[in-house]
Amino acid sequence: MTTEPASPAAPQRLFTALFPPPAACAAIDAERRRWAGLPRRLRPVPERMHLTLQFHDRVAPPQAQAWQAALATLRFEPFDIALVRAELWHAPHGTLAVLRVAPHPALTALHERTAELAAQAGLPREPRAYKPHLTALRQAERVTLAALAAPIVWRVQAVELIWSDLLARPPRYHRLGLFAAAERSQD
């Protein structure tokens, strides 16, 4: 992933996401390697695994800048989330193996707040219900899942705004913004 100081002039695929720290990425990768019927190439690579909060395709540069500015006002406290079960989802472009997140009010609130900030920037609300998950594997048509050995827990400390550049070879993620949680003040 690269950090980009400026956005290109063409519309972009943008999303806000929570990226697990390296230890959680390693645990996710270890879990998926336990599954039977894995494809030859495991995608996504661990450092690209994330939990999406909001996704918008074809965002014009003025809206992208407005969303980034709106996200700069985001305030939330750190919290822990847990990946608790694996599921196969059949999508238009193939089968995905996803890890579902245990319900958490702070995650729900963060999803709602980032949706409000996207709307403030002129981006439409997602009409489908939010199903928090992390895509652990693409091309999972022949995969047989196993139950997680244990929940995979990590502390959410930042939201990232990402430009998914599908025209780059190989496709790349560019970080356009990092919005850190506010630590609780000790009185």
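Residues numbered from 1 in each chain as written. Predicted model: local features only at pLDDT ≥ 70, side-chain atom pairs only at ≥ 80, totals over all residues. Heavy atoms only, no water.

A. Summary view of the side chain of Asp165. Along the chain, the position of Asp165 falls in strand 8 (residues 158-165). There is no salt bridge for the buried Asp165, and the closest opposite charge comes from Arg172, which lies 5.5 Å off by N-O distance. Reaching out from Asp165, the side chain makes a polar contact with the backbone nitrogen of Ala168 at a distance of 3.3 Å. Of the polar contacts made by the side chain of Asp165, one reaches the side chain of His174; its length is 3.3 Å. Not counting chain neighbours up to four residues away, the residues in contact with Asp165 comprise Pro171, Arg172 and His174. (Helix = DSSP H or I, 4+ residues; strand = E, 2+ residues; numbered from the N terminus. Buried < 20%, exposed > 50% of the residue type's maximum accessible area, 1.4 Å probe, protein only. Lys, Arg positive; Asp, Glu negative; His and termini not counted. Salt bridge = Lys/Arg side-chain N within 4 Å of Asp/Glu carboxyl O. Polar contact = N/O pair within 3.5 Å; in protein donor to acceptor, adjacent residues only side chain to side chain. Contact = heavy atoms within 4.5 Å.)

B. Local environment of helix 1 (residues 22-33). Over its 12 residues, helix 1 runs 16 Å from end to end, which matches the ideal 16 Å to within 8%, given 1.5 Å per residue. Of the positions making up helix 1, those classed as buried are Ala24, Cys25, Ile28, Asp29, Glu31 and Arg32. Each buried residue of helix 1 sits inside an arc of 160° when the element is viewed along its axis, so together they form one side. Exposed residues on helix 1 whose side chains face more than 90 degrees from its buried face are Pro22, Ala23 and Arg33. For helix 1, the secondary structure elements touched by its buried residues are strand 4 (79-91), strand 5 (94-101), strand 6 (133-137) and strand 7 (152-156). (Expected span 1.5 Å × (residues − 1). Arc of directions from axis to C-beta.)

C. Main features of the confidence of the model for the chain. This prediction gives the chain a mean pLDDT of 92; 94% of its residues lie at or above 70. Least confident of the elements in the chain is strand 1 (residues 2-3), whose mean pLDDT is 58; most confident is strand 7, at 98. (pLDDT = per-residue confidence, 0-100.)

D. Local environment of the packing of aromatic side chains. The tally for this structure, following the rule as stated, stands at 1 aromatic pair. For the ring pair Phe15 and Tyr173, a centre distance of 5.3 Å and an interplane angle of 70° mean the geometry is edge-to-face. One end of the pair, Phe15, is in strand 2 (residues 12-18); the other, Tyr173, is in strand 9 (residues 172-180), with 158 residues separating them in the sequence. One residue, Arg48, lies across the ring of Tyr173, its end atom 3.8 Å from the ring centre. (Phe/Tyr/Trp six-rings, centres within 6.5 Å; stacked < 30°, edge-to-face > 60°. Lys NZ or Arg CZ within 6 Å of the ring centre and 35° of its normal.)

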